[in-house]
Amino acid sequence: MGAVAEATLWISEAEVAATVDLVDALGVMARVFAADGSGQVSSMEKTMTAFAGGGTLHSLGAALPEVVGVKSWAHTPGGADPALLLLDAATGRIIAVIEAFALGQLRTAATAGLATDHLASPDASVLAVIGSGKQALAQVAAVAAVRRLDEVRVFSPTPAHREDFAARVGDELDLDCRPAATAAEACSGADIVTLVTRARSPVLTADLLRPGMHVNAVGAIDLARREFDPSILGEAEVVATDSVEQTRKLSSELREWFGSRPDGWDGLRSLGEVVHQGLRRSQDTSVTLFKGMGSGVEDVALGVEILERVTRQGGGTLIERRGRVRPVLSRRSSTTDGLGDEGRVVVSSHD
């Protein structure tokens, strides 16, 4: 087969950040989850494996009508460097490779913002955020994009961390934010609670709930972690997730509550269903909860939006590729296309 010249677009983190913002990501998530709810897209379940040195290797993906894609990364003690691969659904050709750290933060926050827009009270104005890590600021920004916030409270176990975070919320988002000494103090009187922690035991318990509260639980995405007491699910009018399959597989909180009940999982709604059907909370006295696990449709949909914008702007770096070539099966001859005498592959023995 002869070589065919092709090109793949490489899109950097800087180009991602310059091309889309959180409001853009919210619009993309609204569209793709509406499509998800009507069966127009499909997700590839997340897969992972551990390796030496305390790292884990992850992949997840999705198929959209014209583009399919997969995001992969290695989570290590030294960090992570995720990349999103986009392919043409008709030909399988690699269209683009996108550096996906900023993309991941945007899609995670935007998905929680979309859930908040559908499930929180329209007049919700007080946000409690539990956790002050690298995802937390984007989570605050996402809620602020869909609700007018009068106050933000933050609790983190380390006083310096919560104080620094409160200052960042004020400086970067222009919101009034105060550090709280306990999770209970942060949640007292809050309309929305966002959990974005790596906790292994619940930080939100049933006694901290209040009528009308909405909870975003986005930090615990494997069986070793839990952020809220599973009994909270018994108080919720709506429990939704961005990935039903991942939640059933990897959410310790929901598995404990629903897992032993034959029809228990029927009470879990997909965010696609919520968006497609235009569901909203039915009463101001109810509690609602969104469990964010991450879904390939989020990454691929936002990646496609970024690709389209970067292409229109003439950005990205073209990587010239020579297409397919036959593999070398033997170095014995340079004139037989990598094959042995008369086209045979010769396997030698070292006995």
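Worth saying up front: this structure is predicted, and the values here are computed from it rather than measured.

A. Highlighting helix H2 (residues 22–37). With 16 residues, H2 extends 22 Å from end C-alpha to end C-alpha; this agrees with the ideal 22 Å at 1.5 Å per step. For H2, the complete set of buried residues consists of Leu22, Ala25, Leu26, Val28, Met29, Val32, Phe33 and Ala35. Where the residues of H2 are buried, they touch helix H3 (101–119), helix H4 (136–146), helix H9 (271–276) and helix H10 (296–312). Two to three positions downstream of the cap, the backbone nitrogen of valine 23 sits 3.2 Å from a side-chain oxygen, assigning the N-cap of H2 to aspartate 21.

B. Inspection of the sheet that holds strand E11 (residues 214–217) at higher detail. One open sheet accounts for 8 strands, arranged E9-E8-E7-E10-E11-E14-E12-E13; its pairing is parallel. In the strand order of this sheet, the two ends are held by strand E9 (177–179) and strand E13 (268–270), each with one partner. On average, each strand axis in the sheet is inclined to that of its neighbour by 20°, with strand direction left out of account. The pairing of strand E12 (residues 236–241) with E13 spans 3 bridges and is classified as parallel. The residue of E13 that forms the bridge with valine 239 is leucine 268. Contacting strand E10 (192–195), E11, E12 and strand E14 (287–291), H3 crosses the sheet at an angle of about 165° to E11. Where helix H5 (residues 159–173) meets the sheet, its contacts fall on strand E7 (126–130), strand E8 (151–155) and E9, and the angle it forms with E9 comes to roughly 175°.

C. Fine view of the packing of H2 against H3. In contact at an axis separation of 8 Å, H2 and H3 are set at 65° when each is read in the N-to-C sense. Seen along the crossing, H2 lies across H3 with a hand that is right-handed. Contacts from Leu22, Ala25, Leu26, Met29, Ala30 and Phe33 of H2 reach H3 at Leu106, Arg107, Ala109, Ala110, Thr111, Gly113 and Leu114. Per-class residue counts for the contact of H2 with H3 are 10 nonpolar, 2 polar and 1 charged.

D. Spotlight on unusual backbone geometry. At aspartate 174, a residue that is not glycine, the phi angle is positive and equals roughly 55°. Overall, the relative accessible area of 67% leaves aspartate 174 in the exposed class.

E. Examining the sheet that holds strand E3 (residues 55–63) more closely. In spatial order, the strands read E2-E3-E4-E5-E6-E1-E15; together these 7 strands make up an open sheet with mixed pairing. Each having just a single partner strand, strand E2 (42–51) and strand E15 (317–321) make up the two edges of the open sheet. Strand-to-strand, the axes of this sheet are offset by a mean angle of 20°, without reference to chain direction. Taken together, the 8 bridges between E2 and E3 define a ladder with antiparallel strand orientation. If you follow serine 42 over to E3, its bridge partner there is alanine 63.

F. The side chain of lysine 71, seen in detail. With respect to the helices and strands, lysine 71 occurs in strand E4 (residues 67–75). Residue classification places lysine 71 among the buried positions, given a relative accessible area of 6%. In terms of polar contacts, lysine 71 uses its side chain to reach the side chain of aspartate 299, at 2.9 Å. Discounting residues that sit within four places of it in the chain, lysine 71 has contacts with His58, Ser59, Leu60, Pro82, Ala83, Leu84, Ala100, Gly104, Arg107 and Asp299.

Rules used in this analysis
- Residues numbered from 1 in each chain as written.
- Predicted model: local features only at pLDDT ≥ 70, side-chain atom pairs only at ≥ 80, totals over all residues.
- Heavy atoms only, no water.
- Helix = DSSP H or I, 4+ residues; strand = E, 2+ residues; numbered from the N terminus.
- Expected span 1.5 Å × (residues − 1).
- Buried < 20%, exposed > 50% of the residue type's maximum accessible area, 1.4 Å probe, protein only.
- Contact = heavy atoms within 4.5 Å.
- Polar contact = N/O pair within 3.5 Å; in protein donor to acceptor, adjacent residues only side chain to side chain.
- Pairing = 2+ DSSP bridges.
- Axes fitted to C-alpha atoms, helices over the stretch in contact; angles between N-to-C directions.
- Left-handed = near helix turned anticlockwise from the far one by under 90°.
- Nonpolar A, V, L, I, M, F, W, Y, C, P; charged D, E, K, R; others polar.

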